[in-house]
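So you can see what is in the structure, the chains are spelled out below.
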Amino acid sequence: MTVIDTPDVTINSAAATGEPTTGNSEVLAWVTKIAELTQPEYIHWCDGSQSEWSALTEELVAAGTLTPLNKNLRPGSFLARSHPADVARVEDRTFICTEHQADAGPTNNWSEPAAMLETLTPLFRGSMRGRTMYVVPFSMGPVGGPISQLGIQITDSPYAVLNMRIMTRMGQDAMDHITPDTEWVRTVHSVGMPLVNDAGESIDDVEWPCNDTKYICQFPDTLEVWSFGSGYGGNALLSKKCFALRIASVMARKDGWLAEHMLLIKLTSPAGKDYHVAAAFPSACGKTNLAMLRPTVPGWNVETIGDDIAWLRPGPDGTLRAINPEAGFFGVAPGTGYSTNPVAMDSIWGNTIFTNVALTDEGDVWWEGMTETPPAHAIDWEGNEWTPDSGRLAAHPNSRFTVPITQCPTVAQEWSESEGVPLDAILFGGRRATNVPLVTESLSWEHGVFIGATVSSEKTAAQEGTVGELRRDPFGMLPFCGYNMADYWSHWLEMGESLGDKAPRIFQVNWFRKGDDGRFLWPGFGDNSRVLEWIVRRVEGEAEGQEIAVGRIPAAGELNVEGIEIPAQDMTELFDVNPQSWLAECDLTDEYFAQFGDRVPAALSEQLTGLRSRLSAM
Ligand code: GDP
Ligand code: PGA
Ligand code: MN
Ligand code: MN
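No experiment lies behind these values; they were computed from the predicted model shown.

Draft legend 1. Just the domain arrangement of the protein, in detail. Its domain assignment divides the protein into domain 1 (16-66 + 90-256), domain 2 (259-327 + 415-616) and domain 3 (328-407). Tallying the contact residues gives 38 residues for domain 1 and 39 residues for domain 2. Counting every contact that joins domain 1 to domain 2 gives six salt bridges. Salt-bridge contacts for K240 lead to E326; the nearest nitrogen and oxygen are separated by 3.0 Å. At the boundary of domain 1 and domain 2, one finds 16 residue pairs in polar contact (both at pLDDT 80 or more). Where the side of domain 1 that touches domain 2 is concerned, the elements lending two or more residues are α3 (101-104), β7 (132-140), α5 (158-167) and α8 (239-255). For the side of domain 1 that touches domain 2, the leading source of residues is α8, giving 12 residues. The residue inventory of the side of domain 1 that touches domain 2, partitioned by class, reads 18 nonpolar, 11 polar and nine charged.

Listed below in structure tokens is the structure:
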């Protein structure tokens, strides 16, 4: 049952409603209650059909929210331009609402649930006036699967509905599985721009409705999400960060599994053996690219299972099994081109929603890095005339494409395997110009958790704030962990204990190390397969590695660099560990841990002590 109590809402008349697509009285009561609060003009029960998709896209084209792209160049595809202030996740407006602040922890904004509801209720009251309220049932993971979860999003944004249809298994099948005895997550989203004011006068709609006031609120105790004021992906597609990470991480802790900000790939060796690798990097640090990697090492093959979120659960055989709970990609456009990520380029041939990229004169899309030569003229992401010498970016740095995973030419058949795939290795990474080697194997599960817990990374355009600033982003989960981060580390340690020798190996990678001249030392992208090859050889016991203070790196000659030119000096710098700067980072880790007080697991404090003594002995 929804936790919002709205005794003082006056209902003039119940909203007109389409035929409800469920007989589940709990769902019906919840939808009615939200409709009474938000007062939409009409309730649309989404079935996920093609005709529904067509009707909604037509409606949004007529409203100016979507621009249809040239059918010959990009069939079935659309461009959306957001409000210029609604372009990324808003971490300072994101709240974990729990009874006790300590349960949300020092890295989350916190509110007591009742206090937040007091703030939210007046905002949502009448917020859908004049609009259609969509009821969007969805499954995260294959419908009915043992690792999957169900949810419903109520939203007044047809743009969100369309994206939810790409990103999740949305529609009637999911609704049919929401029975009185299933657990499901209730999510409510409003762009916060009613079309009728308090005096009953109508207000003209705009192409991208949103509100200056924004709240992205998670209520883990009641499995609810309330999101107000934004239409942007991470704030408005509530299945994604809000449910599949923030709420699911809490569910996972309770039930002995993990909800992670991870890509998922299947790797096949020249010998024909399959391996499965998950990797956690912060937003805009290379997950989608690694998920779609084209190996430059002959004989290896990589197939895509997921590019952003993975749910990990011990299977009946004791291995750690992983699924991608999503059904589409919400990828960063800038930097995506045939020279960097041809698989993404081939995935977005059509049926794609682009947000905040540029529109070419031919009616196609363009962004920085898509082609070497920019178009001579385009309309930029803000709708203004653009030429290469205009001195402005054509596409917003956090512009995105939304596309079904089934269009990915490298999608693994296992992507929809409901039992998940067994994990062989877990990678942690970030964007670090200095200090962190190209690849390091952890010395134990505890050391691996320590590495994950202490990841820092340069900030990107995926979140509001200063790009490039270094910040701690444990497990790439800083903005997504739905409970106290130190408790999350404990949960990871416990998972390792229960997995025992079936636990996957843990590695740290860094594609972003730079030389003094500011250029990347490592070619990255397809050449990251060279690192994956070494990781698999470690898993198989075929490579020895060399233990240094921070972990195990490839021994001389072990990393396959055949066919690429890397100056010996760069190779040395890629793996250089300077004890002074690492000891300085240890001091910062101490400070970082201090905010969690005695919730920091002893095993991690011991890891820090061990690292310091190994560094001091260098
Ligand atoms: P995600 O948000 O974590 O999925 O990150 P993406 O895969 O979308 O990549 C974000 C940005 O990092 C893009 O501009 C990519 O071109 C860039 N990137 C990804 N992988 C690499 C790499 O191996 N090396 C370098 N130098 N850049 C990369
Ligand atoms: P990303 O996903 O990790 O691909 O950037 C979106 C986000 O994290 O905001
Ligand atoms: Mn992400
Ligand atoms: Mn991505």
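Draft legend 2. Molecular detail of the side chain of D473. One can find D473 in the loop between β30 (470-472) and α12 (485-499). Buried charge without a salt bridge: D473, with R471 as the nearest opposite-charge side chain at an N-O distance of 4.2 Å. If we skip the residues at most four places from it in the chain, D473 touches P282, V455, S456, L478 and P479.

Draft legend 3. Here's a closer look at the coordination of the manganese ion (ligand 3). Every protein donor of the manganese ion (ligand 3) is accounted for by K241 (NZ), H261 (NE2) and D308 (OD), and the metal-donor separations fall at 2.0 to 2.2 Å. Classification of the site at the manganese ion (ligand 3) as irregular follows from its six donor atoms and the range of 63 to 167° in their angles at the metal. Each donor residue of the manganese ion (ligand 3) belongs to the same chain, and together they define the spacing K-x19-H-x46-D. The manganese ion (ligand 4) is placed at 5.5 Å from the manganese ion (ligand 3). Of the two residues, K241 sits in helix α8 while H261 sits in the loop between β13 (258-260) and β14 (262-268), which places them 20 residues apart along the sequence. Take K241 and H261: they sit in the same class, and that class is buried.

Draft legend 4. Summary view of helix α1 (residues 25-38). With 14 residues, α1 should reach 20 Å at 1.5 Å per residue; the first-to-last C-alpha distance of 20 Å fits that figure. Within the sequence span of α1, burial applies to V27, W30, V31, I34, A35, L37 and T38. One face of α1 carries all of its buried residues, which in axial projection span an arc of 160°. At the N-terminal boundary of α1, the capping side chain belongs to N24, with an oxygen 3.0 Å from the backbone nitrogen of E26.

Draft legend 5. Main features of the sheet that holds β13. Spatial ordering of the open sheet is given by β13-β17-β18-β26, a layout of four strands whose pairing is antiparallel. Single-partner strands in this sheet number two, and they are β13 and β26 (421-422). Two elements, strand β18 (residues 320-323) and β26, share two bridges in a ladder whose sense is antiparallel. Counted as the bridge partner of A322 is V421 from β26. The sheet contacts of α12 involve β13, β17 (310-314) and β18, and relative to β13 the element is tilted by about 120°.

Draft legend 6. Examining the layout of surface pockets more closely. Roughly 980 Å³ of volume is contained in the largest pocket. Taken together, 43 residues form the lining of the largest pocket, with A284, C285, G286, V332 and R431 sitting closest to its centre. Of all the secondary-structure elements, those providing two or more residues to the lining of the largest pocket are α8, α9 (287-291), β19 (328-332) and β25 (400-404). For the lining of the largest pocket, the element with the most residues is α9, which contributes four residues. Tallied by class, residues from the lining of the largest pocket come to 19 nonpolar, 15 polar and nine charged.

Draft legend 7. Main features of the sheet that holds strand β22 (residues 365-366). Pairing is antiparallel in the open sheet, where four strands are placed in the order β22-β21-β23-β24. Bordering the open sheet on either side are β22 and β24 (385-386), each of which pairs with just one other strand. For strand β21 (residues 358-360) and strand β23 (residues 378-379), the ladder comprises two bridges, and the chain directions are antiparallel. Considered in β23, the bridge of L359 is made with I379.

Draft legend 8. Summary view of the nonpolar core. If you look at the biggest cluster of nonpolar residues, it comprises 158 residues, and the most contacted ones within it are W311, W367, I426, L427, W489 and W492. With nine residues, the single largest contributor to this core is α8. In terms of nonpolar packing, the next biggest core, distinct from the first, is built from 30 residues, V31, M116, F124 and L150 among them.

Draft legend 9. Structural context of the packing of aromatic side chains. Applying the stated criterion to the full structure yields 25 aromatic pairs. Plain terms: the ring middles of W489 and F596 are 5.0 Å apart, the flat faces sit at 65° to each other, and that makes the pair edge-to-face. Residue W489 is found in helix α12, and its partner F596 is found in the loop between α15 (579-594) and α16 (602-616); the two are separated by 107 residues along the sequence. The class for W489 is buried, based on a relative accessible area of 0%. Judged by relative accessible area, which is 5%, F596 ranks as buried.

Draft legend 10. Molecular detail of the UniProt feature "domain: Phosphoenolpyruvate carboxykinase GTP-utilising N-terminal" (unreviewed entry) in the protein. Under the feature "domain: Phosphoenolpyruvate carboxykinase GTP-utilising N-terminal" (unreviewed entry), the UniProt entry names residues 30-253. In the segment residues 30-253, helix accounts for 33% and strand for 23%; the C-alpha atoms at its two ends are 27 Å apart.

Draft legend 11. A look at empty space enclosed by the protein. Counting across every chain of the model gives four cavities of 30 Å³ or more. By volume, the largest cavity is sized at about 250 Å³. Lining the largest cavity are 21 residues, and of these I451, T454, Q508, W582 and E585 sit closest to its centre. Elements with a contribution of two residues or more to the lining of the largest cavity: α11 (445-453), β31 (505-509), α15 and α16.

Draft legend 12. A look at the site of ligand 1. Taken together, 18 residues lie near ligand 1, and A284, G286, K287, T288 and N289 sit nearest. Between ligand 1 and T288 there is a distance of 2.8 Å, counted from an oxygen atom to a backbone nitrogen or oxygen. In the environment of ligand 1, an oxygen atom lies 2.9 Å from a nitrogen or oxygen atom belonging to the backbone of F525. Protein contact buries 90% of the 570 Å² of open area that ligand 1 shows by itself. Here ligand 1 is seated within the largest pocket. It is α9 that contributes the most residues to the shell around ligand 1, three residues altogether. Grouping the constituent residues of the shell around ligand 1 by class yields nine nonpolar, seven polar and two charged. When residues are assigned to domains, the shell around ligand 1 turns out to be shared by domain 2 (259-327 + 415-616) and domain 3 (328-407), each giving three or more.

Here is what the cut-offs are and how they apply
Residues numbered from 1 in each chain as written. Chains lettered and ligands numbered in written order. Predicted model: local features only at pLDDT ≥ 70, side-chain atom pairs only at ≥ 80, totals over all residues. Heavy atoms only, no water. Domains from an automatic or database assignment. Contact = heavy atoms within 4.5 Å. Salt bridge = Lys/Arg side-chain N within 4 Å of Asp/Glu carboxyl O. Polar contact = N/O pair within 3.5 Å; in protein donor to acceptor, adjacent residues only side chain to side chain. Helix = DSSP H or I, 4+ residues; strand = E, 2+ residues; numbered from the N terminus. Nonpolar A, V, L, I, M, F, W, Y, C, P; charged D, E, K, R; others polar. Buried < 20%, exposed > 50% of the residue type's maximum accessible area, 1.4 Å probe, protein only. Lys, Arg positive; Asp, Glu negative; His and termini not counted. Donors = N, O, S within 2.8 Å, 3.2 Å for Na, K, Ca; no water. Tetrahedral: all angles 85-135°; square planar, octahedral: opposite > 155°, others 65-115°. Expected span 1.5 Å × (residues − 1). Arc of directions from axis to C-beta. Pairing = 2+ DSSP bridges. Axes fitted to C-alpha atoms, helices over the stretch in contact; angles between N-to-C directions. 1 Å grid on protein atoms, 1.4 Å probe; cavity = no way out; pocket = protein on both sides within 12 Å on 5 of 7 lines; lining within 4 Å. Points joined across faces, edges and corners; volume = space filled by probe spheres on them. Core = buried A, V, L, I, M, F, W, Y, C linked by side-chain atoms within 4.5 Å. Phe/Tyr/Trp six-rings, centres within 6.5 Å; stacked < 30°, edge-to-face > 60°. UniProt positions renumbered as here; feature names shortened; annotations may be inferred. Near = heavy atom within 4 Å. Areas by Shrake-Rupley, 256 points an atom, 1.4 Å probe, with all protein chains shown as cover. Sits in = over half its atoms within 2 Å of the grid points.

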